[in-house]
Amino acid sequence: MGRPPRTRPIVLNAFNMNSVGHINHGLWTHPRDRSSEYHTLEYWTDLARELERGLFDGLFIADIVGVYDTYQQSADVTLRESVQLPINDPLLVVPAMAAVTRHLGFGVTVNLSYEQPYLLARRFSTLDHLTRGRVGWNIVTGYLDSAARAMGAPQQLAHDERYDRADEFMEVLYRLWEGSWEDGAVLRDRARRIYADPARVHPVRHHGRHYRVEGYHLAEPSPQRTPVLFQAGSSGRGLRFAARHAECVFMSTQDKAETRALVRALREEVVRAGRQPHDVQVLVGLTAVAGATRREAGEKYRDYCRHASPEAALAHLSAGSGIDFSTYRPDTPLIGQHKSNGMENSLRRLTNGRPHYTLGDLIEELALGGRYATVVGTPQDIADEMQSWVEEAGVDGFNLARTVVPESYTDFIDLVVPELQERGLHKTAYAEGTLRHKLAGRGDRLAGPHPGAGFRRAAPQTAAVRAA
């Protein structure tokens, strides 16, 4: 699983959400922050233009279905601090951003547990058309019981069962995106009055355990057909799902050694799935606070921390771990308090395995309201840290979390991007083509041995069009 020499720049996405609060909580109160304008088109179009100025590969838009109501057994803190609530649909802002940019990609999170594959296939095909092939899908199965209750179920499905159903969901999508319309089916022949060749358009017939679908894909083939596939599972079952389907995997880790082990495990699973180990690119979350000098960066960091909310971050983490941290004293060790294997694993990842790690220690680390790796310093300091993650942890790129919007992105573009370019870590110009081609350099379409490519129909030897 040795890492090949890096011949391509790192993948660099901005990490955001169609909401006021995202990962670094409480910073919407900063006087220069614009995130409370999330429900306006100008907020998104201005952000897209700025990210394209910085040659970002994409804007990665997270999403959540349900609310965080574990902390204090209520959603009160979630509402007061806007902990990813209110939140709007992430797909609907993409066309406006695509209209004001030419290259920027868009990775959009959609929870398939509450979707039907037939209609979701059309929505992504539509976005892929409107963006001219610049859309990706972050596949999630959800983890909140509040979402299941809102959708009419008493609780969410068991963890592994959600992924079993997701595997079948993906098979239906591949049949629709890749197999329903052959290449060359769309003729647009005005003289013969033939828009599409009926002989080259086929109904999908899928009768599975979870889904039964019979019908033609409603959209004609888009530039990528299948959007670029992102995934963020890091459990054993999640890694197997990612190894089969994902082209980019997002890991929410803070420790380089732990990340390196996860990356290695993922690449081994990719090989077991019949693919090449580096068919999947790995991204990690990063919070950067940049200044022209270390003193300037430190002052900026302390200014941000005065507006951040560690309690809001605890409310977020309570939902993710299933543990109400409001019941803990600051000196309570986090490990050993719960006997459930699932909770122990969540806590061990949260504490990086430190046995005497307490809630007070966690609150100190939440000074900026979030738990992604944080680097504060000069452009050289930040570039050093990013390069270290690439070389030591074996990652391919980063989702850059927001702090004060758009200031944090603008600072990164003006200060850090030139340093990364000087080191050959960041592109100096966009390549042409779709998002898939920009990221991997291997064309616009899924390529074998990805399982989705196996649903593509072979082109017929002759193209006979029925008489109109």
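On a predicted model such as this, the values are computed, not experimentally measured, just so you know. For every chain, the first residue of the written sequence is number 1, and numbering continues from 1 along that sequence. Reporting of local features is limited, given that this is a predicted model, to residues whose pLDDT is at least 70; pairs of side-chain atoms are given and counted only at 80 or more, and all residues count toward the totals for whole chains, interfaces and linings. Only hydrogens and water are removed before side-chain values are computed, so all heavy atoms of the structure are retained for them.

Regarding helix H8 (residues 256–272)
Stage number 1. By the criteria applied, helices consist of DSSP H or I runs no shorter than four residues and strands consist of E runs no shorter than two, each listed in order from the N terminus. Multiplying one less than the number of residues by 1.5 Å gives the expected span of a helix. The end-to-end C-alpha distance of H8, which contains 17 residues, comes to 24 Å, matching closely the 24 Å that a straight helix rising 1.5 Å per residue would cover.
Stage number 2. Listing the buried residues of H8 in full gives Lys256, Thr259, Leu262, Val263, Leu266, Arg267, Glu269 and Val270. Across the axial projection of H8, the buried residues extend over an arc of 160 degrees, all falling on one side. In H8, the exposed positions that point more than 90 degrees away from the buried face belong to Ala257 and Arg272.
Stage number 3. N-cap assignment for H8: the residue whose side-chain oxygen lies 3.2 Å from the backbone N of Ala257 is Asp255.
Stage number 4. Remark: Gly274 follows H8 within two positions and exhibits a positive phi of approximately 90 degrees. Burial classes: relative accessible area under 20% of the type maximum marks a residue as buried, over 50% as exposed, and values in between as partly exposed (1.4 Å probe, protein chains only). It is the directions from the helix axis to the C-beta atoms that the arc portrays. We call two N or O atoms a polar contact when they sit within 3.5 Å, provided that within protein one can donate a hydrogen and the other can accept it, with sequence-adjacent residues counted only if both atoms are side-chain atoms.

As for the nonpolar core
Nonpolar side chains in soluble globular proteins generally cluster together in the buried interior.
Stage number 1. Core analysis: the largest hydrophobic core is formed by 83 residues, its most contacted members being Trp137, Met386, Phe398 and Phe412.
Stage number 2. The element contributing the most residues to this core is helix H6 (residues 159–179), with nine residues.
Stage number 3. Those residues in contact with Phe412, other than ones at most four positions away along the chain, are Leu12, Phe56, Ala288, Ile382, Met386, Leu400, Val417 and Leu420.
Stage number 4. One finds Phe15, Leu144, Phe250 and Ala401 within the second-largest nonpolar core, a separate group that totals 22 residues. Throughout this description, the term nonpolar core refers to a set of buried Ala, Val, Leu, Ile, Met, Phe, Trp, Tyr and Cys residues connected via side-chain atoms within 4.5 Å. Contacts: residue pairs with any heavy atoms within 4.5 Å of one another.

Re the packing of helix H7 (residues 236–245) against H8
Stage number 1. Taken N-terminus to C-terminus, the directions of H7 and H8 make an angle of 55 degrees; their axes are 8 Å apart at the nearest point. The angle between H7 and H8 places the two elements in the oblique class. At the point where H7 passes H8, the crossing takes the right-handed sense. In contact with Leu239, Arg240, Ala242 and Ala243 of H7, H8 contributes Leu262, Ala265, Leu266, Glu269 and Val270.
Stage number 2. For the contact of H7 with H8, the per-class residue count stands at seven nonpolar, no polar and two charged. For helices, the axis comes from a line fit to the C-alpha atoms of the stretch in contact; other axes are also lines fit to C-alpha atoms, and the angle between any two N-to-C directions lies between 0 and 180 degrees. Should an angle lie under 35 degrees it is considered roughly parallel, over 145 roughly antiparallel, and from 65 to 115 roughly perpendicular; all remaining angles are considered oblique. The hand of a helix crossing depends on one turn: near helix anticlockwise from the far one by less than a right angle means left-handed, and clockwise means right-handed. For this classification, Asp, Glu, Lys and Arg are treated as charged, while Ala, Val, Leu, Ile, Met, Phe, Trp, Tyr, Cys and Pro are nonpolar and the rest, including Gly, are polar.

A few points about the confidence of the model for the protein chain
Stage number 1. Each residue carries a pLDDT score, the predictor's confidence in it, ranging from 0 to 100. Per-residue confidence for the protein chain averages 91 on the pLDDT scale, and 92% of its residues sit at or above 70.
Stage number 2. Here residues 339–344 scores under 50 on pLDDT; set against residues more than four positions off or in separate chains, the count is eight contacts.
Stage number 3. Under a pLDDT of 50 for its full length, residues 461–468 has, in the predicted model, eleven contacts with residues more than four places off or in other chains.

Section: the side chain of Glu220
Stage number 1. Within the secondary structure layout, Glu220 lies in the loop between strand S8 (212–215) and strand S9 (228–231).
Stage number 2. Polar contacts involving the side chain of Glu220 include one to the side chain of Tyr195, which spans 2.7 Å.
Stage number 3. Setting aside residues no more than four positions away along its own chain, Glu220 makes contact with His129, Trp181, Val186, Arg188 and Tyr195.

Description of the environment of Ala273
Stage number 1. Of note, Ala273 is situated in the loop between H8 and strand S11 (281–290).
Stage number 2. The exposure class assigned to Ala273 is partly exposed, which follows from its relative accessible area of 34%.
Stage number 3. Separated by 133 residues in the primary sequence, Ala273 and Pro406 place their C-alpha atoms 40 Å from one another.
Stage number 4. Among all residues touching Ala273, those that are not within four sequence positions of it are Ala243 and Arg244.

Some points on the pairing of strand S4 (residues 135–140)
Stage number 1. The element S4 is largely enclosed, with a buried count of five among its six residues.
Stage number 2. Bridge count between strand S3 (residues 105–111) and S4: six bridges; the pairing is parallel. Each bridged residue has a counterpart across the sheet, and for Val110 the counterpart in S4 is Ile139.
Stage number 3. Tracing the backbone out of S3, into helix H4 (residues 117–130) and back to the parallel element S4 gives a crossover that is right-handed.
Stage number 4. When DSSP locates at least two bridges between a pair of strands, those strands are taken to pair. With four bridges connecting them, S4 and S9 associate as parallel partners. When the strands point away from the viewer, a crossover counts as right-handed if the path from the first strand over the helix to the second runs clockwise.

Considerations on the packing of aromatic side chains
Stage number 1. Stacked, tilted and edge-to-face are the three classes applied to pairs of Phe, Tyr and Trp rings, where Trp contributes its six-membered ring and a pair requires centres within 6.5 Å; stacked means planes under 30 degrees apart, edge-to-face means over 60, and tilted covers the rest. Enumeration according to the criterion identifies 16 aromatic pairs in this entry.
Stage number 2. Residues Phe15 and Phe60 carry aromatic rings whose centres are separated by 5.3 Å and whose planes lie at 65 degrees to one another, so their mutual orientation is edge-to-face. Taken together, the residues Phe15 in strand S1 (residues 11–17) and Phe60 in strand S2 (residues 58–62) connect sequence positions 45 residues apart. For the pair Phe15 and Phe60, one class covers both residues: buried.
Stage number 3. Consider the rings of Trp137 and Trp177, whose centres lie 6.4 Å apart with planes at 80 degrees: the pair is edge-to-face. Of the two residues, Trp137 is situated in strand S4 and Trp177 in helix H6; the sequence distance between them amounts to 40 residues. Exposure class is identical for Trp137 and Trp177. Each is buried.
Stage number 4. Grouping aromatic residues by their ring pairs yields a cluster made of Phe15, Phe60, Phe230, Phe250 and Tyr372.

Quick look at the pattern of salt bridges
Stage number 1. Any Lys or Arg side-chain nitrogen located within 4 Å of an Asp or Glu carboxyl oxygen qualifies as a salt bridge. Inspection of the entire model under this criterion finds 35 salt bridges.
Stage number 2. A salt bridge links Glu37 to Arg34; its shortest N-O distance comes to 3.0 Å.
Stage number 3. For Glu37, a relative accessible area of 31% puts it in the partly exposed group.
Stage number 4. Between Lys427 and Asp57 there is a salt bridge, with its nearest N and O atoms 3.1 Å apart. One end of the pair, Lys427, is in the loop between helix H14 (407–422) and helix H15 (435–440); the other, Asp57, is in the loop between helix H1 (41–53) and S2, with 370 residues separating them in the sequence.
Stage number 5. Judged by its relative accessible area of 7%, Asp57 is buried.
Stage number 6. Bridged by salt links that share partners, the residues Glu178, Asp183, Arg225, Arg445 and Arg456 form one connected network.

Points about the packing of helix H13 (residues 379–393) against H14
Stage number 1. Direction vectors running N to C along H13 and H14 enclose 60 degrees, while the axes themselves pass 9 Å from each other. It follows from the interaxial angle that H13 and H14 lie oblique. As for the relative orientation of H13 and H14, their crossing is right-handed in sense. Each of Pro379, Gln380, Ile382, Ala383 and Met386 in H13 lies in contact with H14, whose residues at this interface are Phe412, Leu415, Val416, Glu419 and Leu420.
Stage number 2. The residue makeup of the contact of H13 with H14, split by class, is eight nonpolar, one polar and one charged.

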